[in-house]
Amino acid sequence: ASELRVNTLKDASGNNSIATSFVAGGSAKAWCKFGNDAQPDDSLNISSGTDVGTGQWRFAKTNAMSTTNYVVVGISGNVIDNFNTGHNSNALESTTNHTQSKYNISGTAFTDFNSGGYGMHSAHGDLA
C-alpha cells in the first residue's frame, strides 16, 4: 500500500496553497438526501435511516463522530414548512446517530414531506 503525507496542497501552477488540516477540518463528515421513508437517496458516512414517526427521521453513521458536540445542518426541498435538524430533544442522540424533524408551518406539530418533498443534511465535526 502507498502512503501520501503532505502538509499543504497547491494548485497545478504551485499557487493557492491551503493547509490539509483546514481541508479535513472544514469538510462535511456525513451527508444525506432522503424522503419520507428515511432511506438515503445518496449519502456519505450514513449507513441507514429510520422513520421514527411522522416528520421525524434518525440516521446512523458508518463512522462515529468523536463527541456529541458536532453540528448538523439541514434543509428540506420542495416544501415551504419549517424544518429542524440535529440534536432533537425528543430523540436519543449520540456520536453514531442524529435525528431530523419537520414541523408544520405554524411550528405546532411534526409533519411529513409533501409529495415530492425531501430532506438533506450534513454533519460537521471530528470523526472518532
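The shown structure was predicted, so the numbers you read here are calculated from the model rather than taken from an experiment.

> Hey, could you go over the sheet that holds strand β4 (residues 40-44) for me, with residue numbers and the actual values?
Spatially, β4-β3-β10-β7 is the arrangement adopted by the four strands of the open sheet, whose pairing is antiparallel. Bordering the open sheet on either side are β4 and β7 (71-77), each of which pairs with just one other strand. Neighbour-to-neighbour, the strand axes of the sheet open up by a mean angle of 10°, direction not taken into account. In terms of strand pairing, strand β3 (residues 30-34) meets strand β10 (residues 118-124) through five bridges, oriented antiparallel. Bridge pairing in β10 places A30 opposite A123.

> If you had to explain the pattern of salt bridges to someone new, which residues and values would you point to?
In the structure shown here, the tally under the stated rule is one salt bridge. In this structure, R5 and E3 form a salt bridge, with 2.2 Å as the shortest nitrogen-oxygen distance. Accessibility assignment for this pair places R5 and E3 in one class, exposed.

> Any chance you could break down the nonpolar core for me, citing the residues and the numbers?
Core analysis: the largest hydrophobic core is formed by twelve residues, namely A30, C32, F34, A38, I46, W57, F59, M65, Y70, V72, F113 and A123. Of all the elements in the fold, those that place two or more residues in this core are β3 and β6 (56-61). Among the elements that take part in this core, β3 stands out by supplying three residues, more than any other.

> Which residues make up the side chain of S122, and what values go with them?
When you line up the elements, S122 lands in strand β10. Residue S122 is classed as buried on the basis of its relative accessible area of 16%. Side-chain polar atoms of S122 contact the side chain of H124, separated by 3.0 Å. Once residues lying within four places of it in the same chain are set aside, the contact partners of S122 are A28, A30, W31, V71, V72 and V73.

> Just give me the short version of the environment of M65, but keep the residues and values in it.
Position of M65 among the secondary structure elements: in the loop between β6 and β7. Separated by 61 residues in sequence, M65 and D126 place their C-alpha atoms 5.8 Å apart. Setting aside residues up to four positions removed in sequence, M65 forms contacts with K29, Y70, T95, H124, G125, D126, L127 and A128.

> Quick rundown of the confidence of the model for the chain? Include the residues and the values.
Low pLDDT marks stretches whose predicted atomic positions should not be read closely. Model confidence for the chain is summarised by a mean pLDDT of 82, while 85% of its residues fall at 70 or above. Taking the mean pLDDT of every element in the chain, the minimum, 58, falls on strand β8 (residues 83-86) and the maximum, 96, on β4.

Criteria and cut-off values
Residues numbered from 1 in each chain as written. Predicted model: local features only at pLDDT ≥ 70, side-chain atom pairs only at ≥ 80, totals over all residues. Heavy atoms only, no water. Pairing = 2+ DSSP bridges. Helix = DSSP H or I, 4+ residues; strand = E, 2+ residues; numbered from the N terminus. Axes fitted to C-alpha atoms, helices over the stretch in contact; angles between N-to-C directions. Salt bridge = Lys/Arg side-chain N within 4 Å of Asp/Glu carboxyl O. Buried < 20%, exposed > 50% of the residue type's maximum accessible area, 1.4 Å probe, protein only. Core = buried A, V, L, I, M, F, W, Y, C linked by side-chain atoms within 4.5 Å. Polar contact = N/O pair within 3.5 Å; in protein donor to acceptor, adjacent residues only side chain to side chain. Contact = heavy atoms within 4.5 Å. pLDDT = per-residue confidence, 0-100.

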